[in-house]
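Structure at a glance
Below, each chain spelled out in residue letters.
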Amino acid sequence: IRDLVVTGVQTCALPIFSIMRGVIEKAGKLRQRIVFTEGDHPTMLKAAAQCIQEGICFPVLLGRSHEIAAAKEALGLDFECEEIDPREDPRRRGVYMEELQKKRGRKGVTLTDARRLLKSRVWFGSMMVEMGDADGIIGGISRDYPEFLKPCLATIIILVVFLCQTYLSDFL
């Protein structure tokens, strides 16, 4: 599975759980890097911990390290994975900014616009997938569905969308 996007919605029927279980088993065999755009959100942290525990993927949490650490401590979670703050990552002002401007330049996106957009975790995570620095992206818990999906559609060439229960850890 390359370019996997998972976004949260509020309902999930049992047949979806069966389908997702198959996807999860296949993903576990591939052990890919998945970007968690809301890396400091309690539900995302629980899902990331469970993904590590079950060997499903290598999570990449986006957010400020001190906020992620505080949220993990509040939840009593203790796990290690990569953490990236898009505002501080040098790729935002370098290769990601240039590539995003190339992709969206016909829509009027300048280099300044691209640098500003890449401060957003969703835009940054989408570019990580597009540039091959990650294999998939999960988000949509604290954002509206279109707000999460728009950057993914604008940047990722091959896109597979799975809709599932917001509380992923309940079903994993």
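Residues numbered from 1 in each chain as written. Predicted model: local features only at pLDDT ≥ 70, side-chain atom pairs only at ≥ 80, totals over all residues. Heavy atoms only, no water.

So, on to the overall build of the chain. Looking only at helices and strands, the chain features seven helices and six strands. Out of the 172 residues in the chain, the part that is buried amounts to 47%. Of the contacts formed within the chain by residues at least 6 apart in sequence, a portion of 71% connects residues at least 24 apart. In the form shown here, the chain has an accessible surface area of approximately 8,800 Å², with 52% of it arising from carbon and sulfur atoms. (Helix = DSSP H or I, 4+ residues; strand = E, 2+ residues; numbered from the N terminus. Buried < 20%, exposed > 50% of the residue type's maximum accessible area, 1.4 Å probe, protein only. Contact = heavy atoms within 4.5 Å. Areas by Shrake-Rupley, 256 points an atom, 1.4 Å probe, with all protein chains shown as cover.)

To continue, consider the confidence of the model for the chain. Across the chain, pLDDT averages 82, with 77% of residues at or above 70. Strand S1 (residues 4–9) is the least confidently modelled element of the chain, averaging 49 in pLDDT, while helix H3 (residues 65–75) averages 96, the highest of any element. With pLDDT under 50 throughout, residues 8–14 is counted as low confidence; its partners more than four residues away or in other chains account for 15 contacts. Across residues 163–172, where pLDDT falls below 50, the model places 36 contacts with residues more than four positions away in sequence or in other chains. (pLDDT = per-residue confidence, 0-100.)

Compared with an ideal rise of 1.5 Å per residue, which puts 13 residues at 18 Å, helix H2 (residues 42–54) spans 18 Å between its outermost C-alpha atoms and is within 8% of the ideal. Those residues of H2 lying buried are Thr-43, Met-44, Leu-45, Ala-47, Ala-48, Ala-49, Gln-50 and Cys-51. Turning to H2, the residues buried within the fold contact strand S2 (32–36), strand S3 (57–62), H3 and strand S5 (136–139). Gly-55 sits one or two residues past H2 and shows a positive phi near 70 degrees. (Expected span 1.5 Å × (residues − 1).)

The contact between H2 and H3 brings their axes to 10 Å, and the two run at 75 degrees. Considering their axes alone, H2 and H3 lie roughly perpendicular with respect to each other. For the pair H2 and H3, the contacting residues are Pro-42, Leu-45 and Lys-46 in the first and Ile-68, Ala-71, Lys-72 and Leu-75 in the second. Here the contact of H2 with H3 is composed, by residue class, of five nonpolar, no polar and two charged. (Axes fitted to C-alpha atoms, helices over the stretch in contact; angles between N-to-C directions. Parallel < 35°, antiparallel > 145°, perpendicular 65-115°, else oblique. Nonpolar A, V, L, I, M, F, W, Y, C, P; charged D, E, K, R; others polar.)

A word on the packing of aromatic side chains. The tally for this structure, following the rule as stated, stands at one aromatic pair. Ring plane angle 55 degrees and centroid distance 5.1 Å describe the contact between Tyr-96 and Phe-124, whose orientation is recorded as tilted. Taken together, the positions of Tyr-96 in helix H4 (residues 95–104) and Phe-124 in helix H6 (residues 121–130) put the pair 28 residues apart, joining distant regions of the chain. The same class applies to Tyr-96 as to Phe-124, namely buried. The ring of Phe-79 carries Lys-72 above its face, with NZ or CZ at 4.3 Å from the centroid. (Phe/Tyr/Trp six-rings, centres within 6.5 Å; stacked < 30°, edge-to-face > 60°. Lys NZ or Arg CZ within 6 Å of the ring centre and 35° of its normal.)

What follows covers H3. Note: α-helices contain 3.6 residues per turn, so residues at a spacing of three or four share the same orientation. Within H3, the full set of buried residues consists of Ile-68, Ala-71 and Lys-72. All buried residues of H3 fall inside an arc of 100 degrees around its axis, so they share one side. In H3, the exposed residues that point more than 90 degrees away from the buried face are His-66, Glu-73 and Ala-74. As for H3, its buried residues are in contact with H2, S3 and strand S4 (82–84). Of the residues trailing H3, Gly-76 is marked for its positive phi of about 75 degrees. (Arc of directions from axis to C-beta.)

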